[in-house]
Protein chains: 4
Amino acid sequence: MRTFERLESEVRGYIRSFPTIFKTARNAVLTDQHGHDYIDFLAGAGTLNYGHNNPVLKQAVLDYVNADGIVHGLDMATSAKKDFLNAFEQRILKPRHMHYKLQFTGPTGTNAVEAAIKLARKVTGRRNVVAFTNGFHGVTLGALSLTGNRKYRDAAGVALADVHHAPYSGYLGMEVDTIAILDKLIGDPSSGVDLPAAVIVECVQGEGGLNVAGLNWLRHLEQLCRRHQVLLIVDDIQAGCGRTGGFFSFEQAGIAPDLITLSKSLSGFGLPMALLLLKPELDVWKPGQHNGTFRGNNLAFVTATAALDHYWADGRFQRSVEFKAGTVGAFLDKLVSNYPAAQMTRRGRGLMQGLAFADPALADAVTSIAFQNGLIIETSGGRDEVVKLLMPLTIEPERLLAGLDILEGALAEAVSHLPARFVHPNQEVHA
Amino acid sequence: MRTFERLESEVRGYIRSFPTIFKTARNAVLTDQHGHDYIDFLAGAGTLNYGHNNPVLKQAVLDYVNADGIVHGLDMATSAKKDFLNAFEQRILKPRHMHYKLQFTGPTGTNAVEAAIKLARKVTGRRNVVAFTNGFHGVTLGALSLTGNRKYRDAAGVALADVHHAPYSGYLGMEVDTIAILDKLIGDPSSGVDLPAAVIVECVQGEGGLNVAGLNWLRHLEQLCRRHQVLLIVDDIQAGCGRTGGFFSFEQAGIAPDLITLSKSLSGFGLPMALLLLKPELDVWKPGQHNGTFRGNNLAFVTATAALDHYWADGRFQRSVEFKAGTVGAFLDKLVSNYPAAQMTRRGRGLMQGLAFADPALADAVTSIAFQNGLIIETSGGRDEVVKLLMPLTIEPERLLAGLDILEGALAEAVSHLPARFVHPNQEVHA
Amino acid sequence: MRTFERLESEVRGYIRSFPTIFKTARNAVLTDQHGHDYIDFLAGAGTLNYGHNNPVLKQAVLDYVNADGIVHGLDMATSAKKDFLNAFEQRILKPRHMHYKLQFTGPTGTNAVEAAIKLARKVTGRRNVVAFTNGFHGVTLGALSLTGNRKYRDAAGVALADVHHAPYSGYLGMEVDTIAILDKLIGDPSSGVDLPAAVIVECVQGEGGLNVAGLNWLRHLEQLCRRHQVLLIVDDIQAGCGRTGGFFSFEQAGIAPDLITLSKSLSGFGLPMALLLLKPELDVWKPGQHNGTFRGNNLAFVTATAALDHYWADGRFQRSVEFKAGTVGAFLDKLVSNYPAAQMTRRGRGLMQGLAFADPALADAVTSIAFQNGLIIETSGGRDEVVKLLMPLTIEPERLLAGLDILEGALAEAVSHLPARFVHPNQEVHA
Amino acid sequence: MRTFERLESEVRGYIRSFPTIFKTARNAVLTDQHGHDYIDFLAGAGTLNYGHNNPVLKQAVLDYVNADGIVHGLDMATSAKKDFLNAFEQRILKPRHMHYKLQFTGPTGTNAVEAAIKLARKVTGRRNVVAFTNGFHGVTLGALSLTGNRKYRDAAGVALADVHHAPYSGYLGMEVDTIAILDKLIGDPSSGVDLPAAVIVECVQGEGGLNVAGLNWLRHLEQLCRRHQVLLIVDDIQAGCGRTGGFFSFEQAGIAPDLITLSKSLSGFGLPMALLLLKPELDVWKPGQHNGTFRGNNLAFVTATAALDHYWADGRFQRSVEFKAGTVGAFLDKLVSNYPAAQMTRRGRGLMQGLAFADPALADAVTSIAFQNGLIIETSGGRDEVVKLLMPLTIEPERLLAGLDILEGALAEAVSHLPARFVHPNQEVHA
């Protein structure tokens, strides 16, 4: 590890939580250089929905590279890109009756977000964009202005302007209708909140602590956008690509966003790729006006196509995700009721669930112990108070259960170290 | 091509200049789906310095993927990353007596630029950054504010703030010392140009039209930065990785930037990767404060390591680049003198040279004809007036000459279509 | 009026509502060039609390000018300024146990606001400022960013940045605790609402439609500021100087703002003057760092001193204002109940009350008819839906009643023109 | 003075340079409370061009107040305003064949500047404004962004955006054509300097150190604006109203600005007033869109009208100013040559001249000694290195000479305190 300390910037993060050197990986298991295995409940922060080195995708990589396929293509036309376009249309858009055009942005989520807000501002001629509390949309300057967490915001060094941050679904308690508040502010010519170009929302906030937007809340948000002629952007970078069951996280709500950002698991193999879906009537770009050297990462197109063909040709994959999500949810419910001293609540949706702890230190203890016991799992949320279970969607059932067992063990151990007043809170109410 | 028209956003660009569907590629030759070959004088806009599907790097990819190496690793420690760190230290830093730490940013140049200016602002507590006329640094909001070209700037939809754009080396003619102007503005407490956190500069402006910073100009710029305690950032995304001969474009000038951005040809294989080099004393990042899903693109680390080991273990590669650069320069000089009607000047340095035309329409005609004759080459510059020769550094000599021949043919044909008054300008001075 | 149309910019406003040329004025009566008298329920938008050409102040002006007193003094020491400082300390600060220093800003309210937010940002090192819905703080760029009304905001032409607009007291209905919402957003490190330097608030929103902050709301706001170490700015430009009874509008709430802006009726005679009161420990200004040519308008100091000595040496003036406020309130309540078809609610506090109409057109009709009948009165509010009664505090009782009678007459006439379905709304509920 | 120290903010400035309490004043003489007289070479920083308590204007004030004229009128029509409009048209606009409309802004220069840039941005739909090195345009946020001096800029606490600061006439030495530089930057679509809405310029920079724009430079600036369809704003707040001879400082250059700001000596009596002149075709304001409580300071209109009628009905006043300017210029030239050790250069134009010292400490010493000897005079410039002579234009000849004598005495004394190496620089060249 001395190499990393000597040469890598202090900005490095996960290496501190998981301090070993990883070498190989298959599906939901990572193996370090000493041959130790770790079950992966992190999945590249949602990038490896189809697991590490998924054999279907791996074969596609090998075949393509062996055949000297174009690897890097800017935005020239290539066979690989054409295949991806067709597959995306056939497997994703058509079955859902969706009409969108595809913009290949620089291959990072933050770049797709930057393209989305640029386009929204260009189309509407307005500056303001509404983003939500606890939202995370990236750390380049435009996306950073939409991101809620002070840790990232403080690093900007300049103003993060032209964004109004509004309370998310449930942020003010279930009895407060946060859509109504936003509606009043936007519709009131004297509120000081300028009519926005767009609203950007995650249906489940991955980094923000697994907060879930209510389905009706999403529908009301869409109606609010239509009423004020504001564009609706769904940032589906973490929650999309099957993570919550359907390919898109908003399918259950039945809404039709104007712009959709995708990245992370889009390529399926962990290769950088990002996409902006836009309704055709919004396509006012001039050629090359938003560019990026790696927007034609053809190797990623190849694996993305393979993933679409293999997993999204029918409904089986989605059903398996939903089944596993049920398993995880039931398990977490059990933990919540069996360990009252931990003061947890279950959060999330699909295979994007977790446990929110009253005390962030306990969440931290759980993930540390879990790593020692062979489970890779991280915290999220504004105070890092939520343990987030983000396994590959393709995880084998027995591996899933094994991981959950390690998690319970870590929780039990962490709780056992709590001072007595936390373990028996009812008896300690006057403490 | 109908697939692209139906499904891909109007933002697509190169597909319009090179309207065919490419399928495979080796070194400096692209082959389309009809089996037609094209010599590549574009090289992924400087991303394929080692050619398409370089066999050394290709084998590294195949071996790594076959062995189920970690593909996506966030910023966890991996064997592939460790190998890259060591190789970069051994092959690049140590031989040049450079002491830097490495920050793996999101795998796009623009992300490395965003990290650089964040860090400069954080370290100095200042907001302003000086960028230069015709500079191109990316299109995410922070990088876009540094970029000169109105085409990109107009798409922001919001203010591009906290940047002062200053005249580049030679921008006001060779007799005007643009460093002296900047020095006076920065040093004058009443100029209105706030003391900057940093100055960001490209030693050769790739997108800006192959403008070359004088070596003394670069040295004076470094001195200016030291004098005012301003950080010097060299954006070596396009000009680095051997493009001008040395690994860094600033080596000839003998300067020591505080921050250096690298991307494009860093991975060597066209895989997305970016890096920020920072002097150790500037490393004030908090863990994870600048993040990005794909900052651990391990497949790119593998090819990057292979490229460093293969091409940068000794000086042979650099010498071959310099030799080819001499060939290109001599050829372009010949064109300039043989086709006076085209009113061209030679631009650039190393294998980053080109021809600036008085009339942008002529530059456009040359590249169009060249494509019809089997050469892929683009224009750059604020008015797209510069034909830019950006072949792989590994191009075979005979292929290089063949490409240059096509270029001359295209030039000859384009000139032959000029109205008489352009072809014989001396006789037409009164027209 | 042709002179005005030919030479004055289209920006002119009140001249359109009150289209006659005024020549002289005394206390609450304006007289036009044809000798017609108008009762003044506008009072220079709150600038003439002591009436037009108040004889006490008028004599002070004549004496001072006759004696060749300094009229314009920059921020040099003058006898007139010294007298004002002493009078302000004796008449205002000491009796209220207030410890503040005085900053003489440029003589407009907006300038005092700009100084306040500059100082708050300088002291705290933070950028963000919280302002409230329907707030009005001026139209220079810094103050404009705090102002809610779109009409003014749209004229900026640039971003209005570094401000979060939050719901005012009662904005979301009486059952929603808007302080709790703000508290959560400010205290949450992941909300996206950056910890502000300051909160700026009007205790009664004059331009915003006579919205009144609850006294407990103000106390909770002060507590919120203390809890988060955020500065509290009360903008008392329109509501101060006795308009709500006490010299400051926040006295009833018993809070102690960190910064207080005063202007409008401060000079008492309609002469431009503005003041920023600051707690001594916040006085981190460098000499001259916020300046302004007319910050030493000594003629205004003279009338301001006379006003303080004459009206604020004891409690009689305040009691008379409160008595008149009771008269006005009772009268408005009577109108509300007697004219149900007008669908009005009473708004405001002290001698800053009015009637909010469901239909802005009706408010407009009332003020138009009132002018024809000899009463000058304007509308305010985000939709110009509130008729605002802002008579001089010194208005003679019989003149006050005469004005109220004209108002009732105008209301009766306007209502008589309503379509039947408005006049008898109960019978028309299914319409 | 204890009152001031106890109660007035540390921001106070001139009181530190001139530490006595002033009581009365007539024309160019201020008298303190002890009866000491001081000759005034400051004139309210250019606000008292017609002297203190000018008898013509004083009588107008007394008559108007005695007659209960409207003092405060918002932007209602009043007789006083109508008289001013007519006088301005007759005395100023018509004789100069100028066609402008008048906007009465809040009565401070900074407010007129804010209105000017708002309107320029509104008309053009562009954001950027070009301002010049050493320019001073006010300290409210919009005007502050145009102001060059770091002392003021540092107090903003937020970004000063949407402005490009360009080198003023002569800033880079007489051999560098700063208009050509600006022309290239603005006309180049890839310079990064966005096409501006407007250029704002002072013909003589008062606060910036009495830098004078060349007449040809101004003409070329106007041509540049026309060529790029950019609006030209002349900020004539300090240099206008006769200070350089003509009513406007740009008359000699023969240019026709699109927008002109006036304030300071406009009212003539030291009463706050400001005006924006705009070409009729630019008058796109909506009613009330830029407002301000004191924009109808009618007492100022009365004195402004009297000043126009008395001083600008014919050319005598202008000729007297030019005569005195000649006297001052010759005197300063003499000082420059008689006191070589002081290393001075003469600066300025009209009755807005001064001495620039190589060493700011010497400028400071001169003004301090002068004050002790009965002369009020200040420094200006980015380093406070310029002693600025800004006497009332109406100063009596003998008083002018008396003031100049005090100045020379102060200079002689300050120089006598210099170390020997400064006094005899030629002998000390090797020191």
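Residues numbered from 1 in each chain as written. Chains lettered and ligands numbered in written order. Predicted model: local features only at pLDDT ≥ 70, side-chain atom pairs only at ≥ 80, totals over all residues. Heavy atoms only, no water.

1. Some words on the overall build of chain A
Looking only at helices and strands, one finds 15 helices and 17 strands in chain A. Since a compact globule built from 431 residues should have a radius of gyration of about 22 Å, the 22 Å found for chain A is in line with a globular shape. Considering only C-alpha atoms, chain A reaches an extent of 65 × 65 × 45 Å along its principal axes. Across chain A, every contact between residues at least 6 apart in sequence was considered, and the portion connecting residues at least 24 apart equals 72%. Mean positive and mean negative side-chain charge positions of chain A (41 and 43 charges, respectively) differ by 4 Å. (Helix = DSSP H or I, 4+ residues; strand = E, 2+ residues; numbered from the N terminus. Rg over C-alpha atoms; globule rule 2.2 N^0.38 Å. Contact = heavy atoms within 4.5 Å. Lys, Arg positive; Asp, Glu negative; His and termini not counted. Charge placed at Lys NZ, Arg CZ, Asp CG, Glu CD.)

2. So, the environment of N111(D)
Note that N111(D) resides in helix α6 (residues 109–124). Look past the residues within four positions of N111(D) in its chain and what remains in contact with it is T110(C), T140(C), T105(D), G106(D) and H290(D). Side chain to side chain, N111(D) and H290(D) meet in a polar contact 2.7 Å long. (Polar contact = N/O pair within 3.5 Å; in protein donor to acceptor, adjacent residues only side chain to side chain.)

3. Description of the relation of the copies chain B and chain A
Its rotation angle being 180°, the transformation that places chain B on chain A also includes 0.0 Å of axial translation and leaves an RMSD of 0.0 Å. Within this description, the copies of the chain are treated as partners about a two-fold rotation axis. Of every C-alpha in chain B, the one belonging to L141(B) sits nearest the axis of rotation, 2.6 Å from it. (Least-squares fit on C-alpha atoms with pLDDT ≥ 70 in both.)

4. Considerations on the packing of aromatic side chains
What the rule picks out here adds up to 80 aromatic pairs over all chains. A ring pair is formed by F247(D) and F248(D), whose centres lie 5.0 Å apart and whose planes are at 85°; its orientation type is edge-to-face. Since its relative accessible area comes to 1%, F247(D) is described here as buried. Of the aromatic side chains, those joined through ring pairs into one cluster are Y50(A), F84(A), F88(A), F104(A), F247(A), F248(A), F250(A), F301(A), Y311(A), W312(A) and F317(A). Over the face of the ring belonging to Y171(C) we find K184(A), whose NZ or CZ atom lies 4.3 Å from the ring centre. (Phe/Tyr/Trp six-rings, centres within 6.5 Å; stacked < 30°, edge-to-face > 60°. Buried < 20%, exposed > 50% of the residue type's maximum accessible area, 1.4 Å probe, protein only. Lys NZ or Arg CZ within 6 Å of the ring centre and 35° of its normal.)

5. Focus on the interface of chain B and chain A
Taken together, the contact between chain B and chain A spans 102 residues of the former and 102 residues of the latter. Roughly 9100 Å² is buried in total at the junction of chain B and chain A, and carbon and sulfur atoms are behind 62% of that figure. Our count for the chain B to chain A interface comes out at 10 salt bridges. When the shortest N-O distance is used, the salt bridge between E10(B) and K101(A) registers 3.3 Å. (Buried area = accessible area lost by both parts, 1.4 Å probe. Salt bridge = Lys/Arg side-chain N within 4 Å of Asp/Glu carboxyl O.)

6. Quick notes on unusual backbone geometry
The general pattern is negative phi for most residues beyond glycine and trans for most peptide bonds. A positive phi is found at H97(A), a non-glycine position, where the angle reads about 55°. Its location among the elements puts H97(A) in the loop between α5 (79–93) and β4 (101–104). Although it is not a glycine, D384(C) adopts a positive phi angle of roughly 55°. Topologically, D384(C) is positioned in the loop between β16 (378–380) and β17 (386–389).

7. Thoughts on the sheet that holds strand β14 (residues 352–357) of chain B
Residue and element names in this part refer to chain B. In space, the four strands of this open sheet follow the order β13-β14-β17-β16, with antiparallel pairing throughout. Strands with a single pairing partner mark the edges of an open sheet, and in this sheet they are β13 (344–349) and β16 (378–380). Going across the sheet, the axis of each strand differs from the next one's by a mean of 35°, ignoring polarity. Pairing between β16 and strand β17 (residues 386–389): three bridges, direction antiparallel. The residue of β17 that forms the bridge with T379 is V387. (Pairing = 2+ DSSP bridges. Axes fitted to C-alpha atoms, helices over the stretch in contact; angles between N-to-C directions.)

8. Quick look at helix α14 (residues 397–416) of chain B
Between its terminal C-alpha atoms α14(B) stretches 29 Å, which fits the 28 Å expected from 20 residues at 1.5 Å a residue. Within the span of α14(B), buried status applies to L400(B), G403(B), L404(B), I406(B), L407(B), E408(B), A410(B), L411(B), A414(B) and V415(B). (Expected span 1.5 Å × (residues − 1).)

9. A short note on the pairing of β13(B)
Residue and element names in this part refer to chain B. Sheet topology note: the β13/β14 ladder contains six bridges and is antiparallel. Residue pairing across strands places R349 opposite M352, the latter belonging to β14. The antiparallel pairing of β13 with β14 creates a hairpin that spans two residues between the two strands, and G350 there sits at a positive phi of about 60°.

10. Some points on the side chain of T31(B)
Mapped onto the fold, T31(B) is located in strand β2 (residues 29–32). Leaving out residues up to four positions away in the same chain, T31(B) has contacts with F22(B), K23(B), T24(B), H36(B) and D37(B).

11. Comments concerning the pattern of salt bridges
Charged atoms that come close allow side chains of opposite charge to pair. Under the defined criterion, the tally for this structure stands at 90 salt bridges over all chains. Measuring nitrogen to oxygen at the nearest pair gives 2.6 Å for the salt bridge that ties R6(C) to E89(D). Here the residue R6(C) occupies a position in helix α1 (residues 2–7), and E89(D) occupies one in helix α5 (residues 79–93), the pair thus bridging two chains. Taken together, the shared-partner salt bridges in this structure form one network comprising E10(A), R12(A), R16(A), K101(B) and D283(B).

12. Notes on empty space enclosed by the protein
Following the criterion strictly, the structure yields 12 cavities of 30 Å³ or more and no others. Of the voids in this model, the largest cavity is the one considered here, and its volume is about 470 Å³. Lining the largest cavity are 34 residues, with A161(A), A159(B), A161(B), A161(C) and A161(D) sitting closest to its centre. When contributions to the lining of the largest cavity are tallied by element, the ones reaching two or more residues are α6 and α7 (141–144) of chain D. The calculated volume of the second largest cavity comes to roughly 90 Å³. For the second largest cavity, the lining is made up of 14 residues, of which H164(B), P167(B), L185(B), P167(D) and L185(D) are closest to its centre. Mapped by element, the contributors of at least two residues to the lining of the second largest cavity are β6 (163–166) and α9 (178–187) of chain B together with β6 (163–166) and α9 (178–187) of chain D. (1 Å grid on protein atoms, 1.4 Å probe; cavity = no way out; pocket = protein on both sides within 12 Å on 5 of 7 lines; lining within 4 Å. Points joined across faces, edges and corners; volume = space filled by probe spheres on them.)

On their own, these measurements won't tell you what the molecule is for.
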